[in-house]
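# Report on the structure
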Amino acid sequence: MPHHIPANLPAWAKRARSRVSPWLALTGTALMTACATAPTYQPFEGADAARLRVRLLIPADYRPFLLGYDFRSTVGVQSVKGNACSVPATAPMLRLYRGATPPMAGPQATPGTPPPSYKYPRAGMPGATEGENTESVELQVAPGLHVVNLSWLRARGNGAGILGALLTKTCPATNVALQLQPKAQYELAVGFKESECTWEVRRLEGNAFVPTKVLKEGGPAEVCAGNQYQR
């Protein structure tokens with residue numbers, strides 16, 4: 001079922017959360033720094049791999065109102081063995097997709113040919129978009145217990161000024177614990193509904209993704225405190 005999180009926490013609540021997790025400092029710089037200091041996601045190659053798509057939930061009728069906004073989310077995944085949580089592996093930051101991703105430049109580029117473009121991970125899941133689309137990632141992971149780390153926001157411009165601050169919605173850092181079954185496929189959608197932050201987990205059943213239960217949810221200190229899973 002969908003989960004709703006108040007987008008505008010009181011100042012004292014924001015300060016309390018920030019002491020236990022840097023994920024709540026959701027400026028572009030903080031998001032990039034968090035991604036740069038953690039190991040990068042690597043696909044699990046086993047034949048029994050589970051697949052998980054994390055995507056931004058942006059209804060088509062809402063998109064026209066997002067001109068001038070930046071909609072983004074960090075994604076990290078921790079595996080849990082016994083009571084120990086691994087270091088989060090980070091996937092590329094999800095961003096509102098506005099068209100073709102600019103090609104990557106670099107010394108490897110051959111003169112006279114366009115350099116390769118970065119493609120977001122895909123795992124052959126139903127309904128996948130092309131790899132240039134920055135609104136989703138598809139992760140191939142070992143079956144078992146995993147914790148997905150999320151932080152997301154909708155910012156007006158760069159969030160500067162009174163108007164930018166008023167129109168920017170920041171969501172608290174959220175950890176979602178999932179028991180991923182062998183060869184099963186899941187989708188975790190994050191987004192907004194009016195002034196609320198929302199997320200929902202679904203599992204592929206037949207030809208459709210249907211809502212499914214999670215084992216645990218909460219802030220970082222409530223799910224994986226340090227490297228200890230809170231049962």
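So, how was this worked out
- Residues numbered from 1 in each chain as written.
- Predicted model: local features only at pLDDT ≥ 70, side-chain atom pairs only at ≥ 80, totals over all residues.
- Heavy atoms only, no water.
- Disulfide = S-S within 2.5 Å.
- Helix = DSSP H or I, 4+ residues; strand = E, 2+ residues; numbered from the N terminus.
- Buried < 20%, exposed > 50% of the residue type's maximum accessible area, 1.4 Å probe, protein only.
- pLDDT = per-residue confidence, 0-100.
- Contact = heavy atoms within 4.5 Å.
- Core = buried A, V, L, I, M, F, W, Y, C linked by side-chain atoms within 4.5 Å.
- Salt bridge = Lys/Arg side-chain N within 4 Å of Asp/Glu carboxyl O.

Take the state of the cysteines next. The final tally for this structure, using the stated rule, is two disulfides. Residue pairing for Cys-171: its cysteine sulfur links by disulfide to Cys-197, the two sulfurs lying 2.1 Å apart. Since a negative S-S torsion denotes a left-handed disulfide, the Cys-171-Cys-197 link at about -95° is left-handed. With Cys-171 in the loop between β9 (169–170) and β10 (174–180) and Cys-197 in strand β12 (residues 196–205), this residue pair connects regions lying 26 residues apart in the sequence. On the basis of relative accessibility, which here comes to 0%, the residue Cys-171 falls in the buried class. Sequential numbering of the bridged cysteines in the protein gives the disulfide pattern 1-4, 2-3.

With that out of the way, let us pick up the confidence of the model for the protein. Counting all residues, the mean pLDDT for the protein is 81, and 75% of those residues have values of 70 or more. Scored below 50 in pLDDT, residues 7–37 makes 45 contacts in the model with residues more than four places away or belonging to other chains.

Positioned with a positive phi, Lys-183 is a non-glycine residue whose angle comes to about 65°. One can find Lys-183 in the loop between β10 and β11 (185–193). A residue is classified by how much of its surface remains accessible, and Lys-183, at 58% relative accessible area, is exposed.

Counting residues in hydrophobic clusters, the biggest one holds 33 residues, and the most contacted among them are Val-54, Phe-71, Leu-150, Trp-152 and Leu-188. Secondary-structure elements contributing two or more residues to this core are β2 (50–57), β3 (69–81), β7 (136–141), β8 (144–156), β10, β11 and β12. Val-80, Cys-85, Leu-145 and Tyr-229 belong to the second-largest nonpolar core, a separate cluster that totals eight residues.

Before going further, it helps to spend a moment on the pattern of salt bridges. Applying the stated criterion across every chain, the model contains nine salt bridges. The shortest N-O distance in the salt bridge between Glu-187 and Arg-53 comes to 2.8 Å. Here the residue Glu-187 occupies a position in strand β11, and Arg-53 occupies one in strand β2, the gap between them amounting to 134 residues. One exposure class covers both Glu-187 and Arg-53, and it is buried. Its salt-bridge partner being Asp-70, residue Arg-72 comes within 2.5 Å of it at the nearest N-O pair. Given a relative accessible area of 9%, Arg-72 falls into the buried group. With a relative accessible area of 16%, Asp-70 lands in the buried category. One connected set of salt bridges, linked through shared partners, spans Arg-53, Arg-55, Glu-138, Glu-187 and Arg-202.

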